[in-house]
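# Examination of the molecular architecture
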Amino acid sequence: EALARLEVLEPKLKSFLWIGAEAALEQARRVDAKIAAGEEIGPLEGIPVALKDNLCTQGVPTTCASRILENFVPPYNATVVEKLAAAGAVIIGKTNLDEFAMGSSTENSAYQTTANPWDVTRVPGGSSGGSAAAVAAEECVAALGSDTGGSIRQPASFCGVVGMKPTYGLVSRYGLVAFASSLDQIGPFGRTVEDAAILLEAIAGYDPKDATSIKTEIPNYLDCLKPNLRPKGRLRIGVIQETFGEGLEPGVENAVKAAIEKLQELGAQVQVVSCPTFRYGVPAYYVLAPSEASANLARYDGVKYGMRVPDADNLLTMYGKTRARGFGAEVKRRITIGTYALSAGYYDAYYLKAQKVRTLIKRDFEKAFAQADILVSPTSPTTAFTQGEKADDPLSMYLLDLMTIPVNLAGLPALSVPCGFDERGLPIGMQLIGNLLQESTLFEVAYAYE
Ligand code: GLN
């Protein structure tokens, strides 16, 4: 079914960079045979799942939507890919993204622009836009993305699906191509909270191959899904005041406020909380993330991976020309900013300062969580914008990340759940933020709401 939909929809949507139709069919037939033989199957067996193309897949191209990795075929699987395979999921293909996950619209892909299934003249959000669009259009049942500053939650909200960024360290990053290692997390997309919970349960867990992996018991997330919220007043929800300010589209504001009222009717105790340092999240992130990226992307030198220009007569020229041709404009911008921010003489003024801001943001969250069990905000100040609208204005694109970025800076879990439509019929997302390792609470509230 998924393959049939892919055939019809892909020419318009362009969610996928690679589709593995034959292997997927073969695997599906094996599951059919199991069912016919009366064998029991797990919750993910035979389920078509898509992977963002920055997750390494053995024997299958992994491009990060970059020219520099055009012909790169990893010799190993990311841990999450191994785990999905072990659970019997069918990997149906690799999805489009902003090059190296840098962007908020999937327009920074070197290969194609993905369309928003709700209005194909608009962007699906980013950087995991391909995964979000594929799930929304039912080209697959669920998908994985990565979230460094909002790249799962924002496209989930633009495409009307559920997307979750887990606690930093809950899901192994082994085999996820690094963008900003201290912020990157892999997480699930689903059309329902339940689907996202099933997927997270399959991919979470300690992994010795990731030095930042947390040793913790993984709860049974499905057990948290109950039709009713906790008894009246037992769940405290904090509405983050600062996320309802300037620049918020009225359609988004109305929908999220209505969703909060519904949570209240369900029995939650709602109060307003303040996180005054949130407004420094975007500037701090756009120093820290490019700094880490400039170091992580130093490995693409034409020697170890992917493309190498044929027309260089010495090593240094080869490095320079390969990187000049292999990277797109946004990636170059970030490498340049990051290299500058980390250079001697500027380090204290930019990188160190941004790290201090990161600590202040963490403290704001700690204070807020003393008052509330979960925090609520819109996921994005706007709904999906039209293709090309912001492509030449990186700053206006960066500013859209203001609600999602603080969560990554503090390493917290958060999800985006659909909460209605604006006057143009475009989906809106509400962001629920949990304290460290409180994924169960997020699923509980999102499920009761949904
Ligand atoms: N939009 C943000 C950026 O461009 C976040 C990207 C992400 O989470 N990968 O960096």
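Residues numbered from 1 in each chain as written. Predicted model: local features only at pLDDT ≥ 70, side-chain atom pairs only at ≥ 80, totals over all residues.

## As for helix H6 (residues 193–203)
- Of all 11 residues in H6, 10 are buried, a share of seventy percent or more.
- Listed as buried for H6 are Val193, Asp195, Ala196, Ala197, Ile198, Leu199, Leu200, Glu201, Ala202 and Ile203.
- In this structure, the buried side of H6 is in contact with helix H3 (79–86), strand E4 (142–147), strand E5 (162–165), strand E6 (185–190), strand E10 (414–421) and helix H14 (439–449).
- Downstream of H6 by one or two residues, Gly205 has phi in the positive range, about 130 degrees. (Buried ≥ 20, exposed ≤ 12 C-beta atoms within 10 Å, placed from the backbone. Helix = DSSP H or I, 4+ residues; strand = E, 2+ residues; numbered from the N terminus. Contact = placed C-beta atoms within 7 Å.)

## Digging into the site of the ligand
- As a matter of local geometry, the ligand sits amid 13 residues, with Ala101, Ser104, Thr148, Gly149 and Ser151 nearest to it.
- In the shell around the ligand, the residues fall into 4 nonpolar, 7 polar and 2 charged. (Near = placed C-beta within 6 Å. Nonpolar A, V, L, I, M, F, W, Y, C, P; charged D, E, K, R; others polar.)

## Some thoughts on the pairing of strand E9 (residues 374–378)
- Of all 5 residues that make up E9, 5 are buried, and the element is covered over most of its length.
- Judged from the 3 bridges that link them, strand E7 (residues 236–240) and E9 form a sheet pairing that is parallel. The residue of E9 that forms the bridge with Gly238 is Leu375.
- Direction of pairing for E9 relative to strand E11 (residues 427–434): antiparallel, over a ladder of 5 bridges. Paired with Leu375 across the strands is Ile433, a residue of E11. (Pairing = 2+ DSSP bridges.)

## Quick look at the nonpolar core
- If you look at the biggest cluster of nonpolar residues, it comprises 133 residues, and the most contacted ones within it are Val49, Cys140, Ala143, Val162, Phe189, Leu432 and Ala446.
- With 8 residues, H6 is the single largest residue contributor to this core.
- Residue assignment places this core across two domains, with domain 1 (1–276 + 360–450) and domain 2 (283–348) each supplying three or more.
- Not counting chain neighbours up to four residues away, the residues in contact with Val162 comprise Ala156, Phe189, Gly190, Thr192, Val193, Ala196, Leu415, Ser416, Val417 and Ala446. (Core = buried A, V, L, I, M, F, W, Y, C linked by C-beta atoms within 7 Å. Domains from an automatic or database assignment.)

## A word on the domain arrangement of the chain
- The domain boundaries assigned to the chain delineate domain 1 (1–276 + 360–450) and domain 2 (283–348).
- Centre-to-centre separation of domain 1 and domain 2, based on C-alpha positions: 28 Å.
- Counting from both sides, the interface comprises 25 residues of domain 1 and, opposite them, 21 residues of domain 2.
- Taken together, the elements giving at least two residues each to the side of domain 1 that touches domain 2 come down to helix H12 (394–399) and helix H13 (405–410).
- Its residues assigned to classes, the side of domain 1 that touches domain 2 comprises 14 nonpolar, 8 polar and 3 charged.

## Focus: the environment of Ile260
- Here Ile260 shows up in helix H7 (residues 250–265).
- Considering only alpha carbons, one finds Ile260 and Tyr449, 189 residues apart in sequence, at a separation of 9.3 Å.
- With near-sequence residues (within four places) excluded, Ile260 lies in contact with Val239, Val270 and Val376.

## Points about the sheet that holds E11
- Read from one edge of the open sheet, 11 strands run E1-E3-E2-E4-E6-E5-E10-E11-E9-E7-E8, paired in mixed fashion. A strand with exactly one partner marks an edge of an open sheet, and here the two such strands are strand E1 (16–19) and strand E8 (269–273). Direction aside, the axes of adjacent strands within the sheet are offset by 30 degrees on average.
- Bridging between strand E2 (residues 48–52) and E4 involves 3 bridges; their strand directions are parallel. Note on E4: the bridge partner recorded for Leu51 is Leu144.
- This element, helix H2 (residues 21–36), spans E1, E2 and strand E3 (90–95) of the sheet and lies at about 155 degrees to E3.
- Where H6 meets the sheet, it contacts E4, E5, E6 and E10, and its direction lies at approximately 145 degrees from that of E6. (Axes fitted to C-alpha atoms, helices over the stretch in contact; angles between N-to-C directions.)

## Points about the pairing of E7
- Both E7 and E8 contribute to a ladder of 5 bridges, which runs parallel. Of the residues in E8, the one forming a bridge with Ile237 is Val270.
- Once the chain exits E7 it traverses H7 before rejoining the sheet at E8, and the crossover so formed is right-handed. (Right-handed = clockwise from strand over helix to strand, strands pointing away.)

## A closer look at the environment of Ser172
- Relative to the assigned elements, Ser172 resides in the loop between E5 and E6.
- A tally of 24 C-beta atoms within 10 Å means that Ser172 is categorised as buried.
- As for Ser172 and Asp207, which are separated by 35 residues in sequence, their C-alpha atoms are 5.9 Å apart.
- Each residue touching Ser172, except ones within four places of it in the same chain, is listed here: Thr79, Val80, Asp207, Lys209, Asp210 and Ser213.

## Notes on unusual backbone geometry
- That bond from Gly126 to Ser127 is cis: its omega, 10 degrees, falls within 30 degrees of zero.
- Among the structural elements, Ser127 can be located in the loop between E3 and helix H4 (129–136).
- Of note in the backbone geometry, Ala101 takes a positive phi value of approximately 70 degrees without being a glycine.
- Relative to the assigned elements, Ala101 resides in the loop between E3 and H4.

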